[in-house]
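A closer look at the structure
One-letter residues, chain by chain:
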Amino acid sequence: MADKKLQIAIYWGAGCGGCDVAVLDTNEFILDVAGLADIRLWPIAVDGKYKDVELMADGELDLTLYNGAVRNSENEAIAKLLRQKSKIMVAFGSCAHMGGIPGLANFCKKEEIYRTAYLDNPSIESGNQAVPEPRTHVEAGELEIPYFYKRVYKLDQVVKVDYYVPGCPPAPNQVKAVLLAVASGKLPPLGSVVGASDLAVCDECERKKNEKKVKKFYRPWQIIQDFDVCLLEQGIVCAGPATRGGCGVRCPNTGVGCRGCYGPLPNVKDQGAKFLSAVASVIDS
Ligand code: SF4
Ligand code: SF4
Ligand code: SF4
């Protein structure tokens, strides 16, 4: 382990904050992190400023964990700034890794999102038709807010990413894995997915698997499930066959189908196509 403390940043782009909570969920390990590393920027928890990062030398940070997707000009500018200042850039969590839940907005146009959020919305004061503008003139001067892009980007569409930590959010053991790998200098090859498995969620799931002949699919609340038997076999949709494992089978173990948050298996480009093929193969036609 290095004798000098690691210099790290944790940043959130377009995300929900759950990935930051995952770091806190490491419980007492967070105290080891404090002993191991100086946290130089972590907007949710530490009072670092962008200006402090701008003043750093290039590569001064050993590691940045960037969670959240890139949705606006601020997300992009800070991703580029942290890339420049960091030796290792990690896409942390599904949103940074694959676009995640914010990425679903790519099915809609920016105008449709604005209409739903700011115009045709019962929580908006009647008659208020204001939508966010990058620049607004007020009595005190010019106000500037980030520019909302037409689409959502995953982190590696904006900057070079060294490692990926999947999950929505990643399991606490992955937070440990990535920090300890950087601290010990024992890093996997660049571009690797860290702290997850190369096997599918199904391979780690202990529910009984029989020959699947599904006649009908159900929402989880439409049937009383057998907790010992594969969900897919019971007609409850589960993306376990098409999803990288390593999460501890978190969802099926609590009675909910996997939603694919650990991303595709190694050598699979299209997780959705792999999932559809898995579902199609169990239908009793
Ligand atoms: S990956 Fe999940 S937990 Fe993390 S920011 Fe995105 S939505 Fe939130
Ligand atoms: S499909 Fe889901 S419930 Fe069935 S074995 Fe795979 S992970 Fe478990
Ligand atoms: S079971 Fe699937 S959706 Fe749930 S945490 Fe694991 S990979 Fe993510």
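What comes next concerns the included structure. (Residues numbered from 1 in each chain as written. Chains lettered and ligands numbered in written order. Predicted model: local features only at pLDDT ≥ 70, side-chain atom pairs only at ≥ 80, totals over all residues. Heavy atoms only, no water.)

Description of the overall build of the protein chain
The helix and strand inventory of the protein chain stands at ten helices and nine strands. Viewed in the frame of its principal axes, the protein chain has a C-alpha envelope of about 65 × 60 × 30 Å. By the burial criterion, 43% of the 285 residues in the protein chain qualify as buried. Excluding contacts between residues fewer than 6 apart, the proportion of contacts in the protein chain whose partners are at least 24 apart in sequence is 69%. Working note: accessible area of the protein chain is about 15700 Å², and carbon and sulfur atoms make up 56% of it. Between the mean site of the 33 positive side-chain charges and the mean site of the 34 negative ones, the protein chain shows a separation of 6 Å. (Helix = DSSP H or I, 4+ residues; strand = E, 2+ residues; numbered from the N terminus. Buried < 20%, exposed > 50% of the residue type's maximum accessible area, 1.4 Å probe, protein only. Contact = heavy atoms within 4.5 Å. Areas by Shrake-Rupley, 256 points an atom, 1.4 Å probe, with all protein chains shown as cover. Lys, Arg positive; Asp, Glu negative; His and termini not counted. Charge placed at Lys NZ, Arg CZ, Asp CG, Glu CD.)

So, the site of ligand 3
Lining the immediate environment of ligand 3, one finds Thr243, Cys247, Arg250, Cys251, Pro252, Cys258, Arg259, Gly260, Cys261 and Tyr262. The cavity where ligand 3 resides is the largest pocket. (Near = heavy atom within 4 Å. 1 Å grid on protein atoms, 1.4 Å probe; cavity = no way out; pocket = protein on both sides within 12 Å on 5 of 7 lines; lining within 4 Å. Sits in = over half its atoms within 2 Å of the grid points.)

Comments concerning the pairing of strand β3 (residues 61–67)
Summarising burial for β3: seven of the seven residues are buried, a large majority. Here β3 runs beside strand β5 (residues 86–92); their pairing, made up of five bridges, is parallel. Considered in β5, the bridge of Leu63 is made with Ile88. (Pairing = 2+ DSSP bridges.)

Considerations on the site of ligand 1
With respect to spatial proximity, the complete set of residues near ligand 1 consists of Gly15, Cys16, Gly18, Cys19, Ser94, Cys95, Gly167, Cys168 and Pro169. Counting only elements with at least two residues in the shell around ligand 1, the list comes to α1 (18–24) and α5 (94–98). By residue class, the composition of the shell around ligand 1 is five nonpolar, four polar and no charged. (Nonpolar A, V, L, I, M, F, W, Y, C, P; charged D, E, K, R; others polar.)

Let's talk about the environment of Leu276
The residue Leu276 is located in helix α10 (residues 271–281) in this model. In this structure Leu276 comes out as exposed when scored by relative accessible area, which is 59%.

Brief notes about the sheet that holds β5
Strand order across the open sheet formed by five strands is β2-β1-β3-β5-β9, with parallel pairing between neighbours. Each having just a single partner strand, β2 (37–41) and β9 (163–165) make up the two edges of the open sheet. Between one strand axis and the next, the sheet turns by 30° as a mean value, whatever way the strands run. Those strands touched by helix α2 (residues 29–36) are β1 (6–12) and β2, and its axis lies near 85° from that of β2. (Axes fitted to C-alpha atoms, helices over the stretch in contact; angles between N-to-C directions.)

Some points on unusual backbone geometry
The residue after Cys168, namely Pro169, is reached through a cis peptide bond having omega -5°. With a phi angle near 55°, Val249 is a residue other than glycine that sits in the positive phi range. Secondary-structure assignment places Val249 in the loop between α9 (201–204) and α10. Given a relative accessible area of 3%, Val249 falls into the buried group.

Observations regarding a nonpolar patch on the surface
On the surface, a cluster of nonpolar side chains totalling about 390 Å² of accessible area is made up of Ile101, Leu104 and Phe107. Turning to its location among the elements, Leu104 is positioned in the loop between α6 (100–103) and α7 (110–119). (Patch = residues over 30% accessible without salt bridge, like charges linked within 9 Å, V, L, I, M, F, W, Y side chains within 5 Å. Salt bridge = Lys/Arg side-chain N within 4 Å of Asp/Glu carboxyl O.)

Side note on the layout of surface pockets
The calculated volume of the largest pocket comes to roughly 990 Å³. Lining the largest pocket are 34 residues; nearest its centre among them are Met98, Gly100, Arg259, Gly260 and Gln271. Counted by class, the lining of the largest pocket contains 19 nonpolar, eleven polar and four charged residues. As a volume, the second largest pocket reaches approximately 240 Å³. Forming the walls of the second largest pocket are 16 residues, and the residues nearest its centre are His97, Val193, Arg244, Pro264 and Val268. By residue class, the composition of the lining of the second largest pocket is eight nonpolar, four polar and four charged. (Points joined across faces, edges and corners; volume = space filled by probe spheres on them.)

A closer look at the packing of aromatic side chains
Tallying each qualifying case throughout the model produces six aromatic pairs. Measuring from centroid to centroid gives 5.5 Å for Tyr114 and Tyr118, while their planes differ by 80°, and the two rings are edge-to-face. Separated by four residues within a single helix, Tyr114 and Tyr118 lie in helix α7, roughly one turn from each other. Take Tyr114: its relative accessible area is 13%, and that puts it in the buried class. Judged by its relative accessible area of 32%, Tyr118 is partly exposed. Through a chain of ring-to-ring contacts, the aromatic side chains of Tyr11, Tyr50 and Tyr66 assemble into a single cluster. (Phe/Tyr/Trp six-rings, centres within 6.5 Å; stacked < 30°, edge-to-face > 60°.)

Details of the pattern of salt bridges
Throughout the structure, instances matching the rule amount to 14 salt bridges. Of the charged contacts, one joins Lys51 and Glu54 as a salt bridge, the two residues approaching to 3.8 Å between their closest N and O atoms. In this pair, Lys51 and Glu54 are both assigned in helix α3 (residues 50–54), three residues apart and thus about one turn of the helix distant. One salt bridge connects Lys80 with Glu76, and the closest N-O pair in it is separated by 2.7 Å. Here Lys80 and its partner Glu76 are both found in helix α4 (residues 73–85), four residues apart, which amounts to about one turn of the helix. Under the relative-accessibility criterion, Lys80 is labelled partly exposed at 40%. One connected set of salt bridges, linked through shared partners, spans Arg83, Lys160 and Asp162.

Just geometry here; none of it tells us what the structure is for.
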